[in-house]
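# Remarks on the overall topology
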Amino acid sequence: MPVPAANGDDPKLIDGRALAATVREEVAEAVAGRTGQGHRPPGLRVILANGNAASASYVRGKEKAAAEVGIESQTLRFDPEEVTEDELLSTLARLNDAADVDGILVQLPLPDRIDKQKIIRAVAPDKDVDGFHPENAGRLMTGAAGFVPATPAGIMEMLRRTPEVEIEGARAVVVGRSNLVGRPLANLLLRRDANATVTVCHSRTRELAAITRRADILVSAVGRAGLITGDMVKAGACVIDVGINRVEDDTRERGYRLVGDVNFEAARKRASHITPVPGGVGPMTIAMLLKNTLKAAEQRAS
Ligand code: NAD
């Protein structure tokens with residue numbers, strides 16, 4: 001029986017913060033159960049090799065969330081000016097072999113001189129809790145078990161925990177085809193445990209509105225504020241807004257606020273369910289990363 005979504009007073013709102021808290025509690029319980037049986041806590045290592053403020057803040061969020069659920073996490077910080085490809089490869093080789101490490105994350109982006117694909121391929125697939133290794137991408141595409149990137153996994157979890165949204169047989173439209181969100185999500189929706197009929201749209205799609213208007217489940221993962229207007233939403237659709245965009249806002253101290261790709265107020269009027277930004281997909285991402293790390297520890301122990 002799926003757990004109903006906690007959505008405060010608004011029955012249309014899919015509350016990512018509340019759902020993420022539930023997922024984190026479940027992970028914490030499972031971790032406590034394992035340590036109670038004498039297992040060591042799941043171990044996570046994060047490699048941070050860029051000077052990006054957003055990445056640093058995201059990594060701090062991961063560390064804090066991991067600690068709260070009992071996952072032992074450490075961040076390995078490299079000077080973005082000095083770090084070499086060899087240094088990262090040898091670090092990954094060491095982490096791949098380390099008995100107390102279950103999950104490895106390489107925070108992107110990496111400095112331009114470093115071959116990102118080479119680094120992603122150097123993470124052992126059974127420790128690749130980001131699900132970016134080609135082996136895990138291939139497993140996802142062929143319907144085999146493996147690690148799934150946290151954002152699309154979080155979106156599926158949100159849909160599953162909103163029991164009024166029927167995924168089976170639904171017409172799902174995913175706007176965006178990135179390896180991080182759009183493509184893996186399309187594959188998840190297609191799998192036999194979801195059974196949606198999936199259309200993927202992108203920057204060269206013609207007549208986007210005509211396609212989105214047919215969607216029972218509409219997901220936008222583009223990164224363009226205002227892309228999805230109210231008239232692009234079918235009445236009764238479930239709308240998942242993955243986009244995170246800054247728009248100028250003089251009323252805020254920092255001078256901007258965060259919005260999604262969807263015109264929230266207009267879409268909300270037509271939708272049966274909708275995710276807010278912030279407080280929608282974002283919080284689910286870290287929760288799913290913790291869930292993936294727990295899964296890695298369970299699989300390695302068995
Ligand atoms: P990306 O730039 O890699 O991909 C964007 C995609 O949008 C591309 O496939 C492109 O073809 C498509 N696109 C661009 N313009 C379009 C248009 N006019 N019409 C239709 N499609 C168009 O981005 P990404 O990494 O997939 O991220 C997308 C958005 O989601 C960003 O705003 C990002 O910040 C956000 N994001 C949020 C989370 C989260 O946890 N909430 C996680 C990852 C990404």
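Here is what the cut-offs are and how they apply
Residues numbered from 1 in each chain as written. Predicted model: local features only at pLDDT ≥ 70, side-chain atom pairs only at ≥ 80, totals over all residues. Heavy atoms only, no water. 1 Å grid on protein atoms, 1.4 Å probe; cavity = no way out; pocket = protein on both sides within 12 Å on 5 of 7 lines; lining within 4 Å. Points joined across faces, edges and corners; volume = space filled by probe spheres on them. Helix = DSSP H or I, 4+ residues; strand = E, 2+ residues; numbered from the N terminus. Nonpolar A, V, L, I, M, F, W, Y, C, P; charged D, E, K, R; others polar. Domains from an automatic or database assignment. Salt bridge = Lys/Arg side-chain N within 4 Å of Asp/Glu carboxyl O. Buried < 20%, exposed > 50% of the residue type's maximum accessible area, 1.4 Å probe, protein only. Core = buried A, V, L, I, M, F, W, Y, C linked by side-chain atoms within 4.5 Å. Contact = heavy atoms within 4.5 Å.

### Here we look at the layout of surface pockets
Computed from the structure, the largest pocket encloses a volume of approximately 1600 Å³. As for the largest pocket, its lining consists of 48 residues, of which Tyr58, Thr151, Ile244, Gly282 and Thr285 are closest to the centre. Elements that contribute at least two residues to the lining of the largest pocket include exactly α1 (16-36), α2 (53-69), β3 (103-106), α6 (150-160), β9 (256-259) and α10 (281-301). Classifying every residue of the lining of the largest pocket by side-chain character gives 26 nonpolar, 13 polar and 9 charged. Each of domain 1 (38-124) and domain 2 (150-282) accounts for three or more of the residues forming the lining of the largest pocket.

### Focus on the pattern of salt bridges
For the coordinates displayed, the defined rule picks out 16 salt bridges. Between Asp102 and Arg300 there is a salt bridge, with the nearest N and O atoms lying 2.9 Å from each other. With a gap of 198 residues between them, Asp102 in the loop between α3 (85-97) and β3 and Arg300 in helix α10 connect regions that are remote in the sequence. Judged by its relative accessible area of 31%, Arg300 is partly exposed. The partner of Asp216 in a salt bridge is Lys234, with the nearest N and O atoms 2.6 Å apart. Of this pair, Asp216 sits in the loop between α8 (208-212) and β6 (217-220) while Lys234 sits in the loop between β6 and β7 (238-241), and the two are 18 residues apart along the sequence. If you follow the salt bridges from partner to partner, you end up with Glu26, Glu157, Arg161 and Lys291 in one network.

### Overview of the nonpolar core
Nonpolar side chains tend toward joint burial in soluble globular proteins. Counting 51 residues, the largest nonpolar core has Ile155, Leu159, Leu189 and Ile240 as its most contacted members. Broken down by element, this core gets its largest block of residues, 9 residues, from α10. Formed jointly, this core draws a minimum of three residues from each of two domains, domain 1 (38-124) and domain 2 (150-282). Excluding residues within four positions of it along the chain, Leu159 makes contact with Val165, Ile167, Leu189, Ile217, Cys238 and Ile240. Ile47, Leu92, Ile114 and Val123 belong to the second largest nonpolar core, which has 16 residues in total.

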